[in-house]
Amino acid sequence: YSVFLNGSEITNQTSPWVKDLSDGKNVIRIRIYNNAGLYADSGDINIWVDTADPYFSSGPTVDASHTPLETWSNHNTPKITFTGTDDASGISSTGWFKWDWVGTGWGWKNMGNCSSPWEQSLPEGPSWIILQLNDNVGKWKNSPTWYRFDIDTQPPSSSVSALSTYKTTTSFTVNWSGSDT
């Protein structure tokens, strides 16, 4: 038997064949010989090995002119750009998670898949989010930090007490109240 690993022949092999493979694509072909010197090939077998986590090769970068971090904003769709990379098996998906009430307590709630630029509509109030890269062998990597966006798209309410149009004195009192929920 011969085994071809990435184009190089390794002769006099037996089954089972055990070999440490390098990260990335490995092409294996088995060649079986008979006593007359004739042979048959198995055809190429592609095996991907991925021992490293995916990583953010650029970003994540928050567009602060769009919706700033940790500052109240009336724009509720923040924008984050990023590029995810996995040198061996590739990126299968990117997800985003929001700190939220999950079942019986607080935790990171899976909000689904996303792509760059990440632009999701967030609810009123503070929202904490993280991004997660997933590769094709099940490894994952979270963004290096969580991002807090403080959203307030509703104007405050106010009330001013009625004043009479004409006064006989120069002194007067104005009462008002306001709230922002």
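Residues numbered from 1 in each chain as written. Predicted model: local features only at pLDDT ≥ 70, side-chain atom pairs only at ≥ 80, totals over all residues. Heavy atoms only, no water.

Draft legend 1. Local environment of the overall build of the protein. The secondary structure content of the protein amounts to zero helices and 15 strands. Scaling as 2.2 N^0.38, a compact globule of 181 residues should have a C-alpha radius of gyration of about 16 Å, whereas the protein reaches 31 Å, well beyond that. When the backbone C-alpha atoms are referred to their principal axes, the protein occupies close to 125 × 35 × 20 Å. Evaluated residue by residue, the protein yields a buried proportion of 28% over its 181 residues. (Helix = DSSP H or I, 4+ residues; strand = E, 2+ residues; numbered from the N terminus. Rg over C-alpha atoms; globule rule 2.2 N^0.38 Å. Buried < 20%, exposed > 50% of the residue type's maximum accessible area, 1.4 Å probe, protein only.)

Draft legend 2. A look at unusual backbone geometry. Between Gly-59 and the following residue, Pro-60, the backbone shows a cis peptide bond with an omega angle of 0°. A cis amide bond links Ser-116 to the next residue, Pro-117, at an omega of 0°. Looking at the element boundaries, Pro-117 is found in the loop between strand S10 (105-113) and strand S11 (125-135). Look at Asn-6: it is not a glycine, yet its phi comes out positive at around 50°. Judged by relative accessible area, Asn-6 falls into the partly exposed class, the value being 40%. Unlike most non-glycine residues, Asn-12 shows phi in positive territory, near 55°. By secondary structure assignment, the location of Asn-12 is in the loop between strand S2 (8-10) and strand S3 (24-33). Exposure remark for Asn-12: the relative accessible area of 71% places this residue in the exposed category.

Draft legend 3. Focus on the packing of aromatic side chains. Evaluation of the coordinates by the stated rule reveals six aromatic pairs. A ring pair is formed by Phe-56 and Phe-82, whose centres lie 6.0 Å apart and whose planes are at 75°; its orientation type is edge-to-face. Here the residue Phe-56 occupies a position in strand S6 (residues 55-62), and Phe-82 occupies one in strand S8 (residues 80-85), the gap between them amounting to 26 residues. Phe-82 shares its class with Phe-56; the two are buried. (Phe/Tyr/Trp six-rings, centres within 6.5 Å; stacked < 30°, edge-to-face > 60°.)

Draft legend 4. Structural detail: the nonpolar core. Ranked by size, the top nonpolar core spans 14 residues in total, and within it Ile-80, Trp-96, Trp-118, Ile-129, Leu-131 and Phe-149 carry the most contacts. Among the secondary structure elements, those contributing two or more residues to this core are S6, S8, S11 and strand S13 (147-151). (Core = buried A, V, L, I, M, F, W, Y, C linked by side-chain atoms within 4.5 Å.)

Draft legend 5. Looking closely at the side chain of Asp-150. With respect to the helices and strands, Asp-150 occurs in strand S13. Apart from the residues lying within four places of it in its own chain, the contact partners of Asp-150 are Glu-70, Thr-71, Trp-72, Ser-73, Gly-125 and Pro-126. (Contact = heavy atoms within 4.5 Å.)

Draft legend 6. Molecular detail of the environment of Leu-131. Among the secondary structure elements, Leu-131 is positioned in strand S11. Taking C-alpha positions, Leu-131 is 9.8 Å from Ser-115, a pair spaced 16 residues apart along the chain. In contact with Leu-131, not counting residues within four places along its chain, are Phe-56, Pro-60, Ile-80, Phe-82, Gly-95, Trp-96, Cys-114, Trp-118, Lys-141, Asn-142 and Ser-143.

Draft legend 7. Spatial organisation of a nonpolar patch on the surface. Together, Trp-99, Trp-101, Trp-106, Trp-108 and Trp-146 make up an exposed nonpolar region whose accessible area comes to about 600 Å². Elements represented by at least two residues in the nonpolar patch include exactly strand S9 (91-102) and S10. (Patch = residues over 30% accessible without salt bridge, like charges linked within 9 Å, V, L, I, M, F, W, Y side chains within 5 Å. Areas by Shrake-Rupley, 256 points an atom, 1.4 Å probe, with all protein chains shown as cover. Salt bridge = Lys/Arg side-chain N within 4 Å of Asp/Glu carboxyl O.)

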